[in-house]
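# Topology and contacts: notes
Here's the letter readout for the chains.
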Amino acid sequence: MLDLLNSLFIAPFDYGFMRRAMIAGLALSLAAPPLGVFLMLRGMSLIGDAMAHAILPGVALGFLLAGFSLPVMSLGGMLSGLLVAGLAGSVSQMTGHREDAAMASFFLISLAAGVMLVSLGGSSVDLTHVLFGSILAVNTTALVLIAGISSVIVLAMALMFRALVVECLDPLFLRGQGVRHGLVHGLFLALVVLNLTAGFQTLGTLMAVGLMMLPATTARFWSKRLEGLMAIAVVWAMIASTGGLLLSYHLALPSGPSIIMLAGVGYVFSALLGRYHSLLSKLRRRATPLETGGAA
Amino acid sequence: MRLRLKDLHLAQGERTVLEHIEGTFEEGAVTALVGANGAGKSTLIQAIMGELKPIGGSVECDVPKERRAWLPQQLALDLTFPMSVEELIMTGTWPSHGALLGYCGPHYRKAREVMARLGISHLAHRPLGELSGGQRQRALLGRTLMQEAELLLLDEPFSNVDMETVEVLTEVLRDMADRGTTIIVVLHDLEQLARLADHVLVLAGGHGQWTTPQAILENHHGGSQRHHHAPILSFDFPK
């Protein structure tokens, strides 16, 4: 029995690439889900997707200039992500165009530009690598970068936490307190971009957002409290990233999709059987007896 | 003088909404803003809060920005956000605590006092999304009490709330005014106008006219009878 458990869960991590991949996954799992929870609560669940496309031209440009150099590609991704977010915000403010429409337009342009740039200077293998990543190819430099970025995000989220909460509920209150309009929102989007640049090496530009959003949307079925949502999302992301890696190892599946698929299975399970808002909870719902103090 | 409007002109986009608005709001005075829908009440409140730049004239306010509180219409809030009543009230400590300082014992004690005063102590840990309209309005007023607001603006605070909440809110607002808070409140109800307001600023046809609650009550049906909870209509405005 112990041998079986060892061969299933421990032995795969005898390999250095698996250990590095696990640590990268855990670091991302600590930083990404809290961002996802706030994106979800702000009704911006699809913005993560848009931003993931927005980093592509920068990553591609970095790749063209310096080959597979993670720091250069990350820097390029960060700059192009921030540029697109800034442009979408500016166009929306200057023209009265809704921000989501401006964002959708810019991310489609970014996707096309990114794919074109990679195709100009590389092969379809390179394109696949950029789009879908390879967590098993994470080297020590990449690991340090991912862990560093994740730490910065966790720290920044801790510092911004109260401001983010207040802004989500009542942005006017925050502005009334002298916090500049758009400051918290802008900083938050910058953290989303930063997280995606850390995630693209491991999961690719397109799937990095999966580890951000799926644990967050899953947590919504299990908790009604903000702290609960964030804790559940982080723990589920850690389980999904480590479990996905093991699945990919044992079943010879691609690692990135395995991680995101496992996170997705959790989402579907929770949507069906979760404690709140799930199909099961809706079927079971009964009025709370008055003695126990239902909402008036 | 807490707040002064000097020949204020306000526009929404390219449409001028209000012109030549004048007025002084004293310490501890409750001013009712009345007018038909679209008369510019919310526009004026936006300008006083510094959210809308005047196209002419000025708003002079000697209350620091962090002591100006704003009780929005409930629809303006995201009530699906997972926050409890106590957490909402604690955000009123922002002027002293900002984004970073931790809360301590005296603040939690004060929050409990505020909740007791508003009759919502038993709801402290309940999510906002599970409250009734009246309970939510009390929680929002709790935040402004926590904020120790010197200037309080309220946009239709009595709409969609129960009678008990109306009583509690009226009592607390009068008490705040007695302690020196300048209050500006959008009202639609004669009863509330009579009980709460010291002055009335009527907005109609893009202009403002100062009057008293008594003048509006006397105008209502010629002053022949008191109509409890009757809406304020445009022909109640003194000519």
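Treat the numbers as computed from the prediction; the structure is a model and nothing was measured. (Residues numbered from 1 in each chain as written. Chains lettered and ligands numbered in written order. Predicted model: local features only at pLDDT ≥ 70, side-chain atom pairs only at ≥ 80, totals over all residues.)

## Comments concerning the overall build of chain A
- Each helix and strand in chain A was counted, giving 14 helices and zero strands.
- In summary, chain A has a C-alpha radius of gyration of 20 Å against a globular reference of 19 Å for 296 residues, a match within 12%.
- Oriented by its inertia axes, the alpha-carbon framework of chain A measures out at about 65 × 65 × 30 Å.
- Residues counted as buried form 46% of the 296 residues belonging to chain A.
- In chain A, of all internal contacts separated by at least 6 residues, the share reaching a separation of at least 24 is 71%. (Helix = DSSP H or I, 4+ residues; strand = E, 2+ residues; numbered from the N terminus. Rg over C-alpha atoms; globule rule 2.2 N^0.38 Å. Buried ≥ 20, exposed ≤ 12 C-beta atoms within 10 Å, placed from the backbone. Contact = placed C-beta atoms within 7 Å.)

## Some points on the environment of Pro254(A)
- Position of Pro254(A) among the secondary structure elements: in the loop between helix H12 (226–251) and helix H13 (255–273).
- For the pair Pro254(A) and Ile135(A), spaced 119 residues apart in the sequence, the C-alpha separation amounts to 9.3 Å.

## As for the sheet that holds strand S1 (residues 3–12) of chain B
Residue and element names in this part refer to chain B.
- Strand order in the open sheet formed by three strands is S2-S1-S4, and the pairing between neighbours is antiparallel. Bordering the open sheet on either side are strand S2 (15–25) and strand S4 (56–61), each of which pairs with just one other strand. Going across the sheet, the axis of each strand differs from the next one's by a mean of 25°, ignoring polarity.
- With seven bridges connecting them, S1 and S2 associate as antiparallel partners. Its bridge partner being in S2, Leu5 is matched across the sheet by Gly23.
- Along the sheet, helix H1 (residues 41–48) contacts S1, S2 and S4; its crossing angle with S1, the most-contacted strand, is approximately 120°. (Pairing = 2+ DSSP bridges. Axes fitted to C-alpha atoms, helices over the stretch in contact; angles between N-to-C directions.)

## A look at the UniProt feature "transmembrane region" (unreviewed entry) in chain A
All names here are of chain A.
- When the UniProt feature table is mapped onto this chain numbering, "transmembrane region" (unreviewed entry) sits at residues 21–41, 61–89, 101–122, 142–161, 182–200, 229–252 and 258–276.
- What you have in residues 182–200 is 95% helix and 0% strand, and the ends, taken at the C-alpha atoms, are 27 Å apart.
- Note that residues 229–252 is 96% helix and 0% strand, and that its end C-alpha atoms are spaced 33 Å apart. (UniProt positions renumbered as here; feature names shortened; annotations may be inferred.)

## Points about the domain arrangement of chain B
Residues and elements named next belong to chain B.
- According to the domain assignment, chain B contains domain 1 (1–63 + 153–164 + 176–184 + 191–239) and domain 2 (75–149).
- Each partner contributes to the interface: domain 1 provides six residues, whereas domain 2 provides four residues.
- A per-class count over the side of domain 1 that touches domain 2 returns two nonpolar, two polar and two charged. (Domains from an automatic or database assignment. Nonpolar A, V, L, I, M, F, W, Y, C, P; charged D, E, K, R; others polar.)

## What to know about the interface of chain A and chain B
- Listed per partner, the contact involves 21 residues of chain A and 22 residues of chain B.
- When contributions to the side of chain A that touches chain B are tallied by element, the ones reaching two or more residues are helix H8 (140–169), helix H9 (171–176) and H12 of chain A.
- For the side of chain A that touches chain B, the element with the highest residue contribution is H8(A), accounting for eight residues.
- A class-by-class count of the residues in the side of chain A that touches chain B yields 14 nonpolar, three polar and four charged.

## Looking at unusual backbone geometry
- In this model, Glu148(B) sits at a positive phi of 50°, which is unusual for a non-glycine residue.
- Checked against the element boundaries, Glu148(B) lands in the loop between helix H5 (133–146) and strand S6 (151–155).

## Some words on the confidence of the model for chain B
Residue and element names in this part refer to chain B.
- Chain-level statistics for chain B give a pLDDT mean of 87 and a share of 90% at 70 or above.
- Between the elements of chain B, mean pLDDT differs from a low of 82, seen in helix H3 (residues 94–97), to a high of 95, seen in strand S7 (residues 182–186).
- On the interface metric, ipTM, the complex scores 0.77, and its pTM is 0.84. (pLDDT = per-residue confidence, 0-100.)

## Quick word on helix H4 (residues 105–117) of chain B
Residues and elements named next belong to chain B.
- A rise of 1.5 Å per residue sets the reference length of H4, with its 13 residues, at 18 Å; its end C-alpha atoms lie 18 Å apart and thus fit the reference within 8%.
- Among all positions in H4, only Ala111, Val114 and Met115 are buried. An end-on view of H4 places all buried positions within 95° of arc, on one side of the element. Exposed residues lying more than 90 degrees from the buried face of H4 are Gly105, Pro106, Arg109 and Ala116.
- Residues of H4 that are buried make contact with helix H2 (85–90) and H5.
- Directly after H4, the chain includes Gly119, whose backbone phi takes a positive value near 70°. (Expected span 1.5 Å × (residues − 1). Arc of directions from axis to C-beta.)

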